[in-house]
Amino acid sequence: MATSDLPSAATPQILPLPFPFRSEGRRMPHSSDPVVSVVIPCHDYGRYLPEAVASVVSQTFRDWEIVIVDDGSTDDSVEVAEALIARHPDRRIRLLKQANAGVSAARNTGIGASAGRYILPLDADDVITATMLEKTVAVLDSNPGIAIASTDVFAFTEDDLPPQAMPFPAYSRELLLQRLIMFYCSLFRREAWQTVGGYDESMRAGEDWDFWVGCVEHGFDAHHIHEPLFGARNKDTGLHVEAVENDLAIRARIVANHPGLFKPITRAWAQAVLSQDAEACLHDEHVPDDILTRAAEMDQFLTAVMALQRTTRVQYYHIKRLEKALAAHTGTVGPPIREKDALSTAPAV
């Protein structure tokens with residue numbers, strides 16, 4: 001795969017936050033099944049859940065339901081979910097509760113209990129823009145041969161930094177086998193989930209990639225919308241970090257789960273990782289060239305993105321301090337600067 005195939009990390013687009021969310025559109029009756037089921041697993045993310053739900057309530061496409069699955073939370077997630085349901089009595093929002101079993105099990109539980117012909121997984125700490133459902137539903141409605149509609153993503157943080165859009169390449173079956181080119185938050189047909197058998201509940205990370213590869217294995221096609229309609233909260237923690245740190249082991253699981261899509265040497269390596277001394281098998285000299293090359297390219301891309309985000313944050317806070325100093329010098333009053341705006345890591349003038 002050429003370097004040019006990678007999403008550009010050098011020139012991110014700067015987008016306005018998708019808040020406050022819009023709320024126009026026609027209200028749908030509760031008497032019929034919804035077109036879309038938005039399934040929101042939540043484990044100890046009660047503080048984020050209102051934003052995720054608000055981003056769905058704001059959709060220009062209105063024929064949806066939300067199924068919140070509390071995955072054994074120890075915080076106030078259940079109380080927050082119940083309050084959100086009470087706040088929107090005219091919306092189809094339900095809460096399911098289960099013992100902690102992981103995000104894959106929570107998604108499977110929510111999808112199994114949902115009624116929509118299209119499914120959108122949405123984690124409790126992420127958001128979608130107001131036209132996400134409208135545009136992805138239009139793709140599936142107008143293309144019976146398409147089972148998945150994915151989009152570009154924008155990353156946003158806990159502070160007031162502008163979100164950064166990350167473009168992804170057009171969908172390609174071959175490219176998906178090489179690296180993850182679709183985020184988990186993509187709209188798909190219910191029959192794809194049924195045919196694949198749902199998310200692999202034994203995988204702690206990489207379960208979305210494994211699910212997409214399962215869709216490839218069963219002949220389901222996808223279409224990518226080149227707009228950042230999904231917002232991923234960048235916390236520098238969470239399952240995506242675990243996925244990066246365990247990339248080769250996750251690749252081995254995916255190869256073993258879908259052996260017919262990979263070469264014999266790659267299948268043998270994956271089996272060795274899963275059944276023998278995984279530590280030794282993950283050393284570069286034991287990894288097949290195709291897997292190692294793809295993993296290196298993905299690592300290079302993710303490293304560049306994270307470095308860019310850190311640099312942007314430092315520069316942003318540095319500008320804020322300069323604005324404050326200028327305001328003090330000229331006697332003008334600017335917006336209040338929070339304590340974390342004085343980061344000691346910013347470059348000196």
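What counts as what
- Residues numbered from 1 in each chain as written.
- Predicted model: local features only at pLDDT ≥ 70, side-chain atom pairs only at ≥ 80, totals over all residues.
- Heavy atoms only, no water.
- Helix = DSSP H or I, 4+ residues; strand = E, 2+ residues; numbered from the N terminus.
- Polar contact = N/O pair within 3.5 Å; in protein donor to acceptor, adjacent residues only side chain to side chain.
- Contact = heavy atoms within 4.5 Å.
- Axes fitted to C-alpha atoms, helices over the stretch in contact; angles between N-to-C directions.
- Parallel < 35°, antiparallel > 145°, perpendicular 65-115°, else oblique.
- Left-handed = near helix turned anticlockwise from the far one by under 90°.
- Nonpolar A, V, L, I, M, F, W, Y, C, P; charged D, E, K, R; others polar.
- Buried < 20%, exposed > 50% of the residue type's maximum accessible area, 1.4 Å probe, protein only.
- Pairing = 2+ DSSP bridges.
- Core = buried A, V, L, I, M, F, W, Y, C linked by side-chain atoms within 4.5 Å.

Quick look at the side chain of Asp200 now. With respect to the helices, strands and loops of the structure, Asp200 is situated in the loop between helix H6 (190-196) and helix H7 (207-217). At 2.6 Å, the side chain of Asp200 forms a polar contact with the side chain of Ser202. A polar contact is formed between the side chain of Asp200 and the side chain of Arg253, at a distance of 3.2 Å. Apart from the residues lying within four places of it in its own chain, the contact partners of Asp200 are Ser104, Glu207, Asp210, Arg253 and Asn257.

To continue, consider the packing of helix H1 (residues 49-57) against helix H2 (residues 77-87). Running from amino to carboxyl end, H1 crosses H2 at an angle of 30 degrees, the nearest separation of the two axes being 10 Å. Relative to H2, the element H1 is oriented roughly parallel. Between H1 and H2 lies a crossing whose hand is right-handed. Contacts from Leu49, Pro50 and Val53 of H1 reach H2 at Ser77, Val80, Ala81 and Leu84. A per-class count over the contact of H1 with H2 returns 6 nonpolar, 1 polar and no charged.

Looking only at H1, the buried set comprises Leu49, Ala52, Val53, Ser55, Val56 and Val57. Those residues of H1 that are buried lie in contact with strand E2 (36-42), strand E3 (64-71), H2, strand E4 (93-98) and strand E6 (127-128).

The next subject is the side chain of Ser114. Here Ser114 is to be found in the loop between helix H3 (103-113) and strand E5 (118-121). Classification of Ser114 as buried rests on a relative accessible area of 10%. A distance of 2.7 Å separates polar atoms of two side chains, one belonging to Ser114 and the other to Arg190. Not counting residues within four places of it along the chain, the set of residues in contact with Ser114 comprises Ser37, Glu65, Val67, Arg94, Ile119 and Arg190.

Each regular strand shows side chains that alternate between the opposite faces of the sheet. Relative to strand E10 (residues 221-233), E6 is paired through 2 bridges, and the arrangement is antiparallel. Counterpart to Ile128 in the pairing with E10 is Phe230. Summarising the sheet, strand E7 (residues 146-156) and E10 pair through 10 bridges and their orientation is parallel. Across the sheet, residue Ala155 finds its bridge partner in E10, namely Ala232.

Formed by 41 residues in total, the largest nonpolar core has its most connected members in Val36, Leu49 and Leu122. For this core, the secondary structure elements donating two or more residues are E2, H1, E3, H2, E5, helix H4 (132-142), E7 and E10. Those residues in contact with Leu49, other than ones at most four positions away along the chain, are Ile40, Cys42, Ile68, Ser77, Val80, Ala81, Leu84 and Ala124. In this structure, Ile148, Ala205, Val213 and Ala270 belong to the second largest nonpolar core, which totals 36 residues.

Limitation: the analysis is restricted to geometry and does not speak to function.
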